[in-house]
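# Examination of the molecular architecture
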Amino acid sequence: MTPTTSPHVGHINALLAERGYEVTEPAPDTLRIREVDSGVSLQAVIEGDIVFFSLSCVVVPRAKITAEIMATMLSADNGISTSYFQLYDAGNGNVAVTLNNFCKLQNMCSDDEDDILSCVHFLLVDVMSARRLVGGLAS
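Scope of this entry: the structure provided in the associated data block. What you see is a predicted model, and the numbers here were worked out from it, not measured in a lab. (Residues numbered from 1 in each chain as written. Predicted model: local features only at pLDDT ≥ 70, side-chain atom pairs only at ≥ 80, totals over all residues. Heavy atoms only, no water.)

## Regarding the pattern of salt bridges
- Enumeration according to the criterion identifies three salt bridges in this entry.
- Across the pair Arg19 and Glu18 runs a salt bridge, and its minimum N-O distance is 4.0 Å.
- In this structure Arg19 comes out as partly exposed when scored by relative accessible area, which is 49%.
- Classification of Glu18 as exposed rests on a relative accessible area of 62%.
- Ionic pairing is found between Glu22 and Arg34, a salt bridge with its closest N-O pair at 3.5 Å. Here the residue Glu22 occupies a position in strand 1 (residues 22–27), and Arg34 occupies one in strand 2 (residues 30–34), the gap between them amounting to 12 residues. (Salt bridge = Lys/Arg side-chain N within 4 Å of Asp/Glu carboxyl O. Buried < 20%, exposed > 50% of the residue type's maximum accessible area, 1.4 Å probe, protein only. Helix = DSSP H or I, 4+ residues; strand = E, 2+ residues; numbered from the N terminus.)

Following this line, the structure appears as C-alpha cells:
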C-alpha cells in the first residue's frame, strides 16, 4: 500500500472495505473503489477536508462532444440528479467524460461516513443514466 498523507484516507478505505467495496491506494490521498458485483470502478481523491469522487463513463474523440451532447449532459431533466459531468483531456485528441460528486468532511463522524457512502452510491446509480446519455458516443 502506498503511504498516505491525509489522516482521512485510512478511515475512508476501511469504511468502504467494510461495506464490501474493493479499495486500493494507487497514490497518496487517492483511492480506487470497485463495486465487486458490477465491476464498476471509481476514484476518490482527498484534498484537505474535501473528497472528490470521479467515475469515467467513456473516452471519445473530442469531435464527438457536440453542442447537442453538451446540452443533454447539462439538462436538468437528464435523469442524473445527484452527480455532475466533467470533461478531461485524455490525450491524442480524446476526451474522457466523467461523472463526479464530492463531500466535505467535518470530523469523520457518522454523518461524514454517511456522506461518503452516499456519494459512492449516487455515482453508481447515476452512472446507469449517464451511460445511456453518453454511451452511444463510443460507437
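Picking up after the structure, the text goes on.
## A look at the side chain of Asp126
- Position of Asp126 relative to the elements: it lies in helix 3 (residues 110–134).
- Buried charged residue Asp126 carries no salt bridge. Nearest counter-charge: Arg132, at 8.6 Å.
- Beyond its immediate chain neighbours, meaning those up to four positions away, Asp126 contacts Gly79, Ile80, Ser81, Thr82, Ser83 and Leu99. (Lys, Arg positive; Asp, Glu negative; His and termini not counted. Contact = heavy atoms within 4.5 Å.)

## Things to note about the pairing of strand 6 (residues 94–104)
- With respect to burial, strand 6 is a largely interior element, eight of its 11 residues being buried.
- The sheet contact formed by strand 4 (residues 50–61) and strand 6 spans 11 bridges and is antiparallel. Directly across from Phe53, in strand 6, lies its bridge partner Asn101.
- Linking strand 5 (residues 84–91) back to strand 6 in an antiparallel pair, the connection comprises two residues, with Asn92 at a positive phi of about 55°. (Pairing = 2+ DSSP bridges.)

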